[in-house]
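Inside the fold
The residues making up each chain are set out below.
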There are 2 protein chains.
Amino acid sequence: MQDLDENTVTDAALAQMAGTSDPRLKQIMDAAVRHLHAFVRDVELTPAEWLTGIQFLTAIGQACTPIRQEFILLSDVLGVSAVVNALHDRKARELGTQSSLLGPFYREGAPDLQLGDCIVQNPSVEPIVIYGRITDNAGNPLPNALLQVWQTNEHGLYDLQATQGDSMDMRANFRTDAQGRYFFRTVRPLGYSIPMDGPVGDLVQRQNRHGFRPSHIHFLIGAPGYRELVTALYFSDDAHIDSDTVFGVSGSLVVNAKDDPDSPIQGLRAVRYDFRLARAVVDEAGRVGADPSRLMPAAE
Amino acid sequence: MQDLDENTVTDAALAQMAGTSDPRLKQIMDAAVRHLHAFVRDVELTPAEWLTGIQFLTAIGQACTPIRQEFILLSDVLGVSAVVNALHDRKARELGTQSSLLGPFYREGAPDLQLGDCIVQNPSVEPIVIYGRITDNAGNPLPNALLQVWQTNEHGLYDLQATQGDSMDMRANFRTDAQGRYFFRTVRPLGYSIPMDGPVGDLVQRQNRHGFRPSHIHFLIGAPGYRELVTALYFSDDAHIDSDTVFGVSGSLVVNAKDDPDSPIQGLRAVRYDFRLARAVVDEAGRVGADPSRLMPAAE
C-alpha cells in the first residue's frame, strides 16, 4: 500500500494514464495533470476553494447554450485563446495574415451574398465599404476563396443578441472574383462589453476589468491548399484598442475607414485590407491544415 | 500597439488582472493563468485541439445535475482532489486521521439515527458493524461529535443510483455518546466503477483505465473547535485496493471486517476504527477551520 502525498500523487496519476492508446491524447493529458497539480500546490488550494472552483466551472458549463459559449469566453478573457492563436501563427510554414480570436459568435450557414452586397439588413447609419484581395504569401490572387464575415451592428450587438430568434444578420459568406478581390458594404461595428451576466462576467468584474472589446469585424477565410485563417480587423479610433479584454488586437490588424479613390464603391468611406494565406502544412496523419468545420463551437 | 506573442500574452493577462480586489483571488487566478498558458505552450495546443477541450469541458458542465457532479469526478480521476486533500492534511496544526475524497455522492439532510441502528433499509446480506471512538489528537474522547456516513449498497450503488427518486438510503448522521463512541450496522459495500456514461468516463476509457474504486465507506466528521474530517475507510480484500482510480486510498485507512469480542454488537463481523480530529486552525480572517456546509457539492 503506497501512501500518496501531494507530490507523489502526480506520478501515480501519470502511471494510471500510461496506457492511453492515442499518443497525442497521452501527451496532452500528462501535461494537463502536471500543470493542474503544480497549480494546486503553488497556491495551496484549500478544500473550500477547490469546491468554489468546481462550482465555477459547473456554472460555466451550464451557461452554455446553442447560442452562447461561456467556456470560449473564459478561455478568451484568460488569454488562453490568444496563446493558441499565436502558436498557430508561429507554426505556419510561411507567414500569412496574423490570426485573431474566433470568439463565441461564429455561426455556420450564413447567407451567400454577391460582392458589393450589404451584410446588414436595416442599417441605421451610413454604411462603409470593406474591400481588398485574398492572396497567397507571394501576393498571387486566390480566386473563389471563401470569406466568411461576422460582426456586431452599430449598437455593439451580434444578431443572436439583437433579436430573440436565431435569424442571421451582420454576417455573410462571399467568394473572391477571378482577381482574388472581395468587397462588401456593412456598418462600422461598435465595440462592446463581453457578456457580463454569467460566471465569466462575474470573474471579470471581481478583477476590476472594463470587459470591453474594441470595435472589430471577424473573418474566417479559406482556399484549397491554404491554411484556414481566423482573424479580425480592429478600428484604430476605439477607446479600448490598447486594452482588449481578450487580447485579440495586433498592430497588423488595425484599420480605419476613410475616403478612398481606389474603393470599388464610391461615396462611402472604405477600409482596404489584403489578406494573405499561408500554404497548408500537411501533418503526419495526412491532414491538410485545419478543417474549417472543426472550428464551429459546440451547440449543445 | 503592442503585438503579443505566445509568451508576452501571459504578462498582458496578468497586467489586466492586477486590479483584482481580493488578494487571494488574485493569487489563485495569476497562478491559473501562468499554468494554463504554460500548458498550452508545452503541448503546442492547436486550434482544433483547443476546441475539443472547450467541448469536453462544456459537456462535463452540462452532465452535472442535482444528483451528479461530473466536474468533481474529473478532479478525482486526474488526481487533483487527492492533491488538495494531501495539502489539507499537511497544513494541520497537529496530526489527525488522514483525509480522503469527498466524492460526488455526499448529501446533506441524511436521517439522524441512533447508535446501533442499521443505515441500510433492506439489506440482502448479513450486516456488519462499524464502531470505534472519535477523539482528539491526544486520544481524549469527543462526546456529541457529528459523524456523517454514506456508502454504496452490497451491489456497488449509492442511493441516487439504486433508485429513480431521491430517497435517502445507505447514509445517516450519528452523534457520539459521552465516551466519544459511535457504532452502527451496515452492509459491506461493493467497490464500483465510476460513472462511465459521461465525458469523464469517455476519457478514462480512452486512457485504458479500469475505472474502479475499491470498496469503501465515506465519513464526514465534525466537532466544535476541531478541523472537519472528510475521509473514508477502505476494505483490504478488494481487488482494486492498490489501483483506486481516484487515488483515495491510504494505508492508514484500510480495514477489514472480522469477528471481534470487543464489538458492541455481537454475532456480526465488525470493523473497529478510531478517528482522531486535529484542533482547528484559526485563519487570518478569524475563520475556524472549514465550514462543513461549504463542502456540499453544488446542486445546480
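Residues numbered from 1 in each chain as written. Chains lettered and ligands numbered in written order. Predicted model: local features only at pLDDT ≥ 70, side-chain atom pairs only at ≥ 80, totals over all residues.

**Observations regarding the overall build of chain A**
- Helices and strands together make up the secondary structure of chain A, namely seven helices and 11 strands.
- Counting only C-alpha atoms, chain A reaches 80 × 45 × 35 Å along its principal axes.
- The 300 residues of chain A split such that 46% are buried. (Helix = DSSP H or I, 4+ residues; strand = E, 2+ residues; numbered from the N terminus. Buried ≥ 20, exposed ≤ 12 C-beta atoms within 10 Å, placed from the backbone.)

**Some details on the nonpolar core**
- Formed by 160 residues in total, the largest nonpolar core has its most connected members in A:I221, A:L277, B:I221 and B:L277.
- Residues contacting A:L277, with those up to four places away along its chain left out, are A:G96, A:I134, A:D136, A:L142, A:I221, A:A223, A:Y226, A:R227 and A:L229. (Core = buried A, V, L, I, M, F, W, Y, C linked by C-beta atoms within 7 Å. Contact = placed C-beta atoms within 7 Å.)

**A few points about the relation of the copies chain A and chain B**
- In the superposition of chain A on chain B (RMSD 0.0 Å, axial shift 0.0 Å), the rotation amounts to 180°. Such a combination of turn and shift is consistent with a two-fold rotation axis. When C-alpha positions in chain A are compared against the rotation axis, the closest is assigned to A:G61, at 1.9 Å.
- When you check the interface residues of chain A against chain B, 100% turn up at the interface there too, and the contact is symmetric in its surfaces. (Least-squares fit on C-alpha atoms with pLDDT ≥ 70 in both.)

**Quick notes on the sheet that holds strand β7 (residues 216-222) of chain B**
Residues and elements named next belong to chain B.
- Read across the open sheet, the five strands follow the order β3-β2-β7-β8-β9; overall the sheet is mixed. Of all strands in the sheet, those bounded by a partner on one side alone are β3 (171-175) and β9 (254-255).
- Across six bridges, β7 lies against strand β8 (residues 229-235) in antiparallel orientation. The residue of β8 that forms the bridge with L220 is V230. (Pairing = 2+ DSSP bridges.)

**Thoughts on unusual backbone geometry**
Residues and elements named next belong to chain A.
- Although it is not a glycine, N144 adopts a positive phi angle of roughly 60°.
- Relative to the helices and strands, N144 resides in the loop between β1 (128-136) and β2 (146-151).
- A residue is classified by how many C-beta atoms lie within 10 Å of it, and N144, with 12 of them, is exposed.
- The residue N208 is not glycine, and still its phi comes out positive at about 55°.
- Structurally, the position occupied by N208 is in the loop between α7 (199-206) and β6 (212-213).
- Classification of N208 as partly exposed rests on a count of 13 C-beta atoms within 10 Å.

**Quick look at the interface of chain A and chain B**
- The partner chain B presents 74 residues to the 74 residues of chain A that form the contact.
- No other element matches the 15 residues that helix α2 (residues 23-43) of chain A contributes to the side of chain A that touches chain B.
- The class makeup of the residues in the side of chain A that touches chain B is 39 nonpolar, 21 polar and 14 charged. (Nonpolar A, V, L, I, M, F, W, Y, C, P; charged D, E, K, R; others polar.)

**Points about the sheet that holds strand β9 (residues 254-255) of chain A**
Residue and element names in this part refer to chain A.
- Strand order in the open sheet formed by five strands is β3-β2-β7-β8-β9, and the pairing between neighbours is mixed. Looking at strand neighbours, the two that pair on one side only are β3 (171-175) and β9, the edges of this open sheet.
- As paired elements, β2 and β3 share five bridges and run antiparallel to each other. Opposite L147, over in β3, you have F174 as the bridge partner.

**Notes on the packing of α2(A) against helix α2 (residues 23-43) of chain B**
- Relative orientation of the contacting elements α2(A) and α2(B) amounts to 160°, with a least axis distance of 9 Å. When the interaxial angle is binned, α2(A) and α2(B) end up roughly antiparallel. Where α2(A) crosses over α2(B), the two elements pack in a sense that is right-handed. Every residue of α2(B) that contacts α2(A) at A:Q27, A:I28, A:A31, A:A32, A:H35, A:A38, A:F39, A:D42 and A:V43 is listed here: B:Q27, B:I28, B:A31, B:A32, B:H35, B:A38, B:F39, B:D42 and B:V43. (Axes fitted to C-alpha atoms, helices over the stretch in contact; angles between N-to-C directions. Parallel < 35°, antiparallel > 145°, perpendicular 65-115°, else oblique. Left-handed = near helix turned anticlockwise from the far one by under 90°.)

**Digging into the confidence of the model for chain A**
- Residues at a pLDDT of 70 or more form 93% of chain A, whose mean pLDDT is 91.
- Per the prediction output, this complex has pTM 0.88; the corresponding ipTM is 0.89. (pLDDT = per-residue confidence, 0-100.)

**Here's the deal with helix α1 (residues 8-16) of chain B**
- Within α1(B), the full set of buried residues consists of B:V9, B:T10, B:A13 and B:Q16. Relative to the axis of α1(B), the buried residues are bounded by an arc of 130° and lie together on one face.
- Residues of α1(B) that are buried make contact with α5 (80-90) of chain A together with α2 of chain B. (Arc of directions from axis to C-beta.)

**Concerning the pairing of β7(B)**
Residue and element names in this part refer to chain B.
- The element β7 is extensively covered by neighbouring structure, given that seven of its seven residues are classed as buried.
- Here β7 shows two buried faces, one formed by H216, H218, L220 and G222 and the other by I217, F219 and I221.
- Examined bridge by bridge, strand β2 (residues 146-151) and β7 share six bridges and lie antiparallel to one another. In the strand pairing of β7, L146 is matched with G222.
- Where β7 folds back on β8, the antiparallel hairpin that results is connected by six residues, among which G225 adopts a positive phi of roughly 90°.

**Description of helix α4 (residues 70-77) of chain B**
- Within α4(B), eight of the eight residues are buried, leaving the element largely enclosed by the surrounding structure.
- Along α4(B), the residues that are buried comprise B:E70, B:F71, B:I72, B:L73, B:L74, B:S75, B:D76 and B:V77.
- The inward-facing, buried residues of α4(B) abut α3 (47-63) of chain A together with α3 (47-63), α5 (80-90) and α7 (199-206) of chain B.
- Once α4(B) ends, the next one or two residues include B:G79, with phi positive near 80°.

**Description of the pairing of β1(A)**
Residues and elements named next belong to chain A.
- Taken across its nine residues, β1 has seven buried, putting it largely inside the fold.
- Taken together, the six bridges between β1 and strand β4 (residues 181-186) define a ladder with antiparallel strand orientation. Counterpart to I130 in the pairing with β4 is F184.
- Pairing of β1 with strand β10 (residues 270-272), which is carried by three bridges, proceeds in the parallel orientation.

**Points about the environment of A:T152**
Residues and elements named next belong to chain A.
- Position of T152 among the secondary structure elements: in the loop between β2 and α6 (159-162).
- On the basis of neighbour count, T152 is assigned to the buried category, with 23 C-beta atoms found within 10 Å.
- Distance from T152 to F105, taken between C-alpha atoms, is 9.6 Å for residues 47 residues apart in sequence.
- Apart from the residues lying within four places of it in its own chain, the contact partners of T152 are L157, Y158, M170, P189, L190 and Y192.

**Observations regarding the environment of B:S252**
Residue and element names in this part refer to chain B.
- Relative to the elements of secondary structure, S252 occurs in the loop between β8 and β9.
- On the neighbour-count criterion, S252 (14 C-beta atoms within 10 Å) is partly exposed.
- Spatially, the C-alpha atoms of S252 and Q98 are 7.4 Å apart, while their sequence positions differ by 154 residues.

**Brief notes about the environment of A:Q114**
- Counting through the fold element by element, A:Q114 comes out in the loop between α5 and β1.
- Sequence separation between A:Q114 and A:N173 is 59 residues, and the spatial gap between their C-alpha atoms is 8.7 Å.

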